[in-house]
Amino acid sequence: MQRPYNFSAGPAAIPTEVLEQAAAEMLDWHGCGMGVMEMSHRGKEFVSICEQAEADLRELLAVPAQFKILFMQGGGLAENAIVPLNLSRAATVDFVVTGSWSQKSYKEARKYAAEVNLVASGEDGDFISLPNPAHWQPSRGASYLHICSNETIHGVEFHELPDLQALGSDAPLVIDFSSHVASRPVDWSRVGLAFGGAQKNIGPAGLTIVIVREDLLGHALAICPSAFDYKVVAEHGSMYNTPPTWGIYIAGLTFQWLKRQREGDASGVAAMELRNIAKAELLYNAIDQSPFYVNKVAANCRSRMNIPFFLCDETRNDAFLAGAKARGLLQLKGHKSVGGMRASLYNAMPLAGVEALVAYMHDFAQQHA
Ligand SMILES: *Cc1c(COP(=O)(O)O)cnc(C)c1O
């Protein structure tokens with residue numbers, strides 16, 4: 001079924017095949033007489049769904065054995081509190097602020113960590129470039145250093161994760177990878193903990209994925225809620241309390257879909273990365289080559305997932321959005337804090353969708369030249 005192309009930043013498009021399978025299984029999952037939303041999270045049916053989803057995610061992201069995969073609730077913003085509650089050890093934590101999301105994380109951590117140190121910030125440059133990691137000076141003995149590896153609103157992405165050891169720091173790196181999880185491989189040798197809400201690139205809102213190195217468990221502050229204590233969650237296989245069962249199920253279907261994707265010899269996340277590079281290049285080239293549109297983000301950190309752009313004549317914004325909608329190109333309006341347009345090109349967006357957007361941008365520019 002050909003649906004409109006949905007460029008939403010999140011909750012975002014889900015592969016049509018996944019939605020069709022979920023619809024077909026809605027009333028009766030695999031002949032058990034129940035839909036997934038109606039079954040006990042401790043029954044053998046759901047336990048098998050959950051275990052398969054976790055194993056598939058581990059395989060897709062090549063998560064090493066010494067990392068736990070946790071399925072939690074609360075979204076990225078709750079993790080802004082849960083991470084310091086678990087990892088700060090009542091000591092100093094370091095932050096690099098590169099856009100709205102890491103700024104929120106930085107502010108929230110101040111409620112829980114003894115001291116929060118701003119190591120670098122892109123704010124002076126309007127968050128259109130990334131502070132060069134070579135110049136960062138992490139605090140001595142910091143409990144961790146936090147970055148947002150893809151800033152969904154400002155459209156800046158770390159194409160390579162910083163190597164904290166090379167900067168003389170033993171602190172574990174914490175990454176908020178909400179909006180580019182599963183769009184590219186992760187270098188786990190540089191990461192202590194990664195978290196992300198599912199609703200950008202994996203499935204429905206309500207599921208939060210946390211991938212954490214085992215040695216970081218078991219140091220939660222006394223005030224940490226038990227349901228948010230990573231050690232407790234890990235010991236119970238993400239079933240200390242009722243997990244977001246529907247979200248886990250849809251994420252699991254998405255992981256199966258991801259495993260089926262091929263691009264030449266590549267499959268899974270490696271295939272998605274090739275596709276995502278091609279999609280982003282197509283759109284950035286269209287923007288850069290037109291006098292009608294502009295994207296201000298520095299070339300070395302342009303996000304492959306979230307591409308903000310502006311019409312040089314902003315009085316035409318409403319006409320642009322209306323025309324896009326009429327051509328089946330949905331949710332292109334930029335975030336209110338940045339304005340303009342934003343196209344989110346998550347895994348579920350096919351190259352054909354970006355081609356349709358670029359063709360529309362070309363036609364619109366010609367009409368209004
Ligand atoms: C969307 C988003 C969040 C917030 O997620 P919620 O699920 O709304 O809490 C946090 N970080 C990043 C990078 C995001 O894109």
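This report concerns the structure included in the present document.

**Quick look at the sheet that holds strand E13 (residues 293-294)**
At step 1: Within the open sheet, the 3 strands sit side by side as E13-E14-E16. Their pairing is antiparallel. Each end of this open sheet is capped by a strand with a single partner; those strands are E13 and strand E16 (341-344).
At step 2: Note: strand E14 (residues 306-311) against E16, 4 bridges, orientation antiparallel. Looking across to E16, one finds that Asn306 is bridged to Ser344.
At step 3: In this fold helix H7 (residues 268-288) packs onto E13, E14 and E16, with an angle of close to 15° to the strand it touches most, E14.

**Describing the site of the ligand**
At step 1: Near the ligand you find Gly75, Gly76, Leu77, Trp101, Cys148, Asn150, Thr152, Asp176, Ser178, Ser179, Gln199 and Lys200, and these make up its full shell.
At step 2: Asp176 places a side-chain nitrogen or oxygen 2.7 Å from a nitrogen atom of the ligand.
At step 3: Protein contact buries 85% of the 390 Å² of open area that the ligand shows by itself.
At step 4: Looking at the shell around the ligand, the element that brings in the most residues is helix H3 (residues 75-87), giving 3 residues.
At step 5: A per-class count over the shell around the ligand returns 3 nonpolar, 7 polar and 2 charged.

**Looking at the layout of surface pockets**
At step 1: For the largest pocket, the calculated volume is near 430 Å³.
At step 2: The wall of the largest pocket is formed by 19 residues, among which Ile14, Pro15, Thr16, Ala348 and Pro350 lie closest to the centre.
At step 3: It is helix H1 (residues 16-25) that provides the largest number of residues to the lining of the largest pocket, a total of 3 residues.
At step 4: No fewer than three residues from each of domain 1 (17-258) and domain 2 (263-367) sit in the lining of the largest pocket.

**Concerning a positive patch on the surface**
At step 1: On the surface, Lys104, Lys107, Arg110 and Lys336 cluster together to form a positively charged patch.
At step 2: Its place among the elements puts Lys104 in helix H4 (residues 100-109).
At step 3: Assessed through its relative accessible area of 41%, Lys104 is described here as partly exposed.

**Focus on the sheet that holds strand E2 (residues 67-72)**
At step 1: On the basis of which strands lie adjacent, the open sheet formed by 7 strands has the order E2-E10-E9-E8-E5-E3-E4 and mixed pairing. The sheet is open, and its two borders are formed by E2 and strand E4 (115-121), each paired with just one other strand. Averaged over all pairs of adjacent strands, the angle between strand axes in this sheet comes to 20°, irrespective of strand direction.
At step 2: In terms of strand pairing, strand E3 (residues 92-97) meets strand E5 (residues 145-148) through 2 bridges, oriented parallel. Within E5, the position partnered with Asp94 by the bridge is Leu145.
At step 3: Packed onto the sheet, helix H2 (residues 44-60) meets E2 and strand E10 (208-213) and runs at close to 130° relative to E2.
At step 4: Across the sheet, H3 touches E2, E5, strand E8 (173-176), strand E9 (193-197) and E10, and the angle it forms with E9 is around 155°.

**What to know about a nonpolar patch on the surface**
At step 1: Taken together, the side chains of Met26, Leu27 and Met37 make up a nonpolar region of the molecular surface, amounting to roughly 340 Å² of accessible area.
At step 2: Note on placement: Leu27 falls in the loop between H1 and H2.

**Concerning the nonpolar core**
At step 1: By size, the foremost hydrophobic cluster in this structure holds 51 residues, and its most contacted members are Leu61, Phe71, Ile147, Phe177, Trp188, Ile211 and Phe255.
At step 2: Element by element, the count of residues in this core is highest for helix H6 (residues 245-260), at 8 residues.
At step 3: Those residues in contact with Ile211 that sit more than four places away from it in its chain are Leu61, Val63, Phe67, Lys68, Ile69, Phe177, Trp188, Gly192, Leu193 and Ala194.
At step 4: Formed by 27 residues, the second largest nonpolar core is a distinct cluster that contains Tyr284, Leu329, Leu332 and Met341.

The rules we used
- Residues numbered from 1 in each chain as written.
- Predicted model: local features only at pLDDT ≥ 70, side-chain atom pairs only at ≥ 80, totals over all residues.
- Heavy atoms only, no water.
- Pairing = 2+ DSSP bridges.
- Helix = DSSP H or I, 4+ residues; strand = E, 2+ residues; numbered from the N terminus.
- Contact = heavy atoms within 4.5 Å.
- Axes fitted to C-alpha atoms, helices over the stretch in contact; angles between N-to-C directions.
- Near = heavy atom within 4 Å.
- Polar contact = N/O pair within 3.5 Å; in protein donor to acceptor, adjacent residues only side chain to side chain.
- Areas by Shrake-Rupley, 256 points an atom, 1.4 Å probe, with all protein chains shown as cover.
- Nonpolar A, V, L, I, M, F, W, Y, C, P; charged D, E, K, R; others polar.
- 1 Å grid on protein atoms, 1.4 Å probe; cavity = no way out; pocket = protein on both sides within 12 Å on 5 of 7 lines; lining within 4 Å.
- Points joined across faces, edges and corners; volume = space filled by probe spheres on them.
- Domains from an automatic or database assignment.
- Patch = residues over 30% accessible without salt bridge, like charges linked within 9 Å, V, L, I, M, F, W, Y side chains within 5 Å.
- Salt bridge = Lys/Arg side-chain N within 4 Å of Asp/Glu carboxyl O.
- Lys, Arg positive; Asp, Glu negative; His and termini not counted.
- Charge placed at Lys NZ, Arg CZ, Asp CG, Glu CD.
- Buried < 20%, exposed > 50% of the residue type's maximum accessible area, 1.4 Å probe, protein only.
- Core = buried A, V, L, I, M, F, W, Y, C linked by side-chain atoms within 4.5 Å.

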